[in-house]
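Residue-level listing of the chains:
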Amino acid sequence: MSDTRPYFFLSYAHTPAWGPNRGDPDHWVYVLYKDLCDNIMHLTDLPAGASAGFMDREMHSGDGWPEKLAEHLAICRVFVPLFSPRYFTSEMCGREWYAFNERILRARAAGAGSLPAIVPALWAHVDYDQLPDSVRHIHVDHAAFGARYADEGIYSLIKLNRLRDEYEETVMQLARRIVQVAHDSPLPPAQPRRYENTPSAFKPRGEGPRSIHLTVAAPTRHTIPEHRDPRPYGEHAHDWNPYPGESTRSLPTLAEELVRSLDYRVTVASFDDEDTGPEPLASAEEDKPPGRPGILLVDPWALGDEERCHRLSVFDTNTRPWINAIVPWDRTDRQCQSEEGKQLTDKLERTLPLTLDRGRRTDCRIAVNGVPTLTAFTDVLPKVVAHATKQFFKHATPHPVAGPHVPRPRLTGPMPSTLPQARDTTMEEKHDGGS
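Note that this is a predicted model, so its numbers are computed, not measured.

What counts, and where the lines are drawn
- The residue numbering used here restarts from 1 in each chain and proceeds along that chain's sequence as written.
- The predicted nature of this model means local features are confined to residues of pLDDT at least 70 and side-chain atom pairs, given and counted, to a pLDDT of 80 or more, with totals for whole chains, interfaces and linings taken over all residues.
- With hydrogens and water excluded, all non-hydrogen atoms of the structure serve as input to the side-chain values.
- What is meant by a nonpolar core is a set of buried Ala, Val, Leu, Ile, Met, Phe, Trp, Tyr and Cys residues, joined one to another through side-chain atoms within 4.5 Å.
- For each residue, the accessible area found with a 1.4 Å probe, counting protein chains only, is set against the maximum for its type, and the residue is called buried under 20%, exposed over 50%, and partly exposed in between.
- A run of H or I in DSSP counts as a helix once it spans at least four residues, and a run of E counts as a strand once it spans at least two, with each numbered from the N terminus.
- For this analysis, residues touch if any pair of their heavy atoms sits within 4.5 Å.
- Strand pairing is assigned whenever DSSP detects at least two bridges linking the two strands.
- Lines are fitted to the C-alpha atoms to define the axes, a helix being fitted only along its stretch in contact, and any angle between axes, read from their N-to-C directions, falls within 0 to 180 degrees.
- Whether two aromatic rings pair depends on their centres lying within 6.5 Å, for rings of Phe, Tyr and Trp, where Trp uses its six-membered ring; planes under 30 degrees apart make the pair stacked, over 60 edge-to-face, and the rest tilted.
- A ring is scored as having a charge over it whenever the NZ atom of a lysine or the CZ atom of an arginine sits within 6 Å of its centre and within 35 degrees of its normal.
- Look down the strands so they point away from you; if going from the first strand over the helix to the second traces a clockwise path, that crossover is right-handed.

Asks: Outline the nonpolar core, listing residues and values.
Replies: Formed by 116 residues in total, the largest nonpolar core has its most connected members in Phe8 and Trp97. With nine residues, helix 3 (residues 91-109) is the largest single contributor of residues to this core. The residues contacting Trp97, other than those within four sequence positions of it, are Phe79, Pro81, Phe83, Tyr87, Ile118, Ser134, Val135, Ile138, Ala201 and Phe202.

Asks: With reference to specific residues and values, describe the sheet that holds strand 8 (residues 323-326).
Replies: Spatially, four strands are ordered 6-5-7-8 in an open sheet, and the strand pairing comes out parallel. Either end of the sheet is taken by a strand with one partner, and the two such strands are strand 6 (264-270) and strand 8. Adjacent strand axes in the sheet meet at a mean angle of 20 degrees, parallel and antiparallel pairs treated alike. Strand direction decides the pairing type here: strand 7 (residues 294-298) and strand 8, joined by four bridges, are parallel. Its bridge partner lying in strand 8, Leu296 is registered against Ala325.

Asks: Describe in detail the sheet that holds strand 3 (residues 78-83), supporting the description with residues and values.
Replies: Spatial ordering of the open sheet is given by 2-1-3-4, a layout of four strands whose pairing is parallel. Strands at the two margins of the open sheet, each flanked by one partner only, are strand 2 (53-54) and strand 4 (121-122). Relative to strand 3, strand 1 (residues 8-11) runs parallel, the two being bridged by four bridges. Note on strand 3: the bridge partner recorded for Ser11 is Pro81.

Asks: Outline the packing of aromatic side chains, supporting the account with residue identities and numerical values.
Replies: Under the defined criterion, the tally for this structure stands at 17 aromatic pairs. On the basis of an interplanar angle of 70 degrees and a centroid distance of 5.3 Å, the ring pair of Phe88 and Phe202 is categorised as edge-to-face. A residue pair is termed long-range when its members are at least 10 positions apart, and Phe88 in the loop between strand 3 and helix 3 and Phe202 in the loop between helix 6 (164-184) and strand 5 (210-217) qualify at 114 residues. The same class applies to Phe88 and to Phe202, which are both buried. Grouping aromatic residues by their ring pairs yields a cluster made of Phe9, Phe54, Phe79, Phe83, Tyr87, Phe88, Trp97, Phe100 and Phe202. When the ring centre of Tyr30 is taken as origin, the NZ or CZ atom of Arg57, which lies over that ring, is 4.3 Å away. Taking NZ or CZ as reference, Arg95 lies 5.3 Å from the ring centre of Tyr195, over its face.

Asks: How would you sum up the pairing of strand 6? Please name residues and give values.
Replies: Pairing of strand 5 with strand 6 involves seven bridges; the strand directions are parallel. Counted as the bridge partner of Ile212 is Val266 from strand 6. After leaving strand 5, the chain enters helix 7 (residues 251-260) and then returns to the sheet as strand 6, a path that is right-handed.

Below you can see the structure in the form of structure tokens.
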């Protein structure tokens, strides 16, 4: 059976209408979309009636647009973002990017290998320092499409008649690239992700760099309890894969990539490798300002080591509101569902009571109640990141600017005038009998 899925999802920032009778501000984007579809139909064997691509203005009246967007993000073979300064300030574009990139990461976790299914196109010139951290890992060779395209983008080519030949050549090369990626690295379809619950891959406008620290409390295959299945473990805590039936990659690696795709700078460490617990996770000094929010990924099987268990208990005593935990607990793992597994979860409750209780008072309580599947993990991780960040900004102590202290200005009320008062000559003249 032939694959009739659309080849590409065109993601673009809507241009606001700025005056009466100005027409459709995104007319030229739609022209590009139709030209790409025409070329792809000629380059492939898509049957009549199949859609070569998807653009939100192709939706019909009465369609539920969140559902339609989510459906096409889950089935289109290639994601084509139109880079422009406005693109990276659009929450809608950020959500589309995150949803598609999450689909790539899930496919890689299932063993699909490298999938370069994001093919950016330059709509208008964007400096490198305008790119969010979450997109800088995508290789973009704009020069391959021509010097004028790399300098100015498609908008300049499409608007000027004298550049028509260059525009058509650029569109043809972009269409070929989309088809090549779709055929060489096929991305399987996925279940649609609810658009309303999808976070943005771009940080809000005006917000500076964001950092978060992930700490992994998990044993290795050399330190697991004697009868524990060794498949989820490796030589290091970073190798921990609690969902071996769903993923071929370690959970810390996947978590790092997902958090980075939320436009965070991420560091990852093993709980066993740090002296007194992760730096942002535990501090006995109440007045010490937090360095960054943090997330503890904890495997209950790590509690089989009493020394580690003690250190986790100390961490819990000193924990702060901007540190959240996630407890993966595979529902298909028979040992996790056994009596021994139940005893470990009870021990976890006694070891991390404050951390677990804090997690249950949020809207992402599944994170500490035992995340049963990889899909559930990728769904809850952005919520935990957002909650930890919110608590960090709520409790963090602001750092003063370097330099001499300048007192805050204060309003003290009207000041007595030090200037000579002007004479009221009108009144004086009246008293002197003047007219």
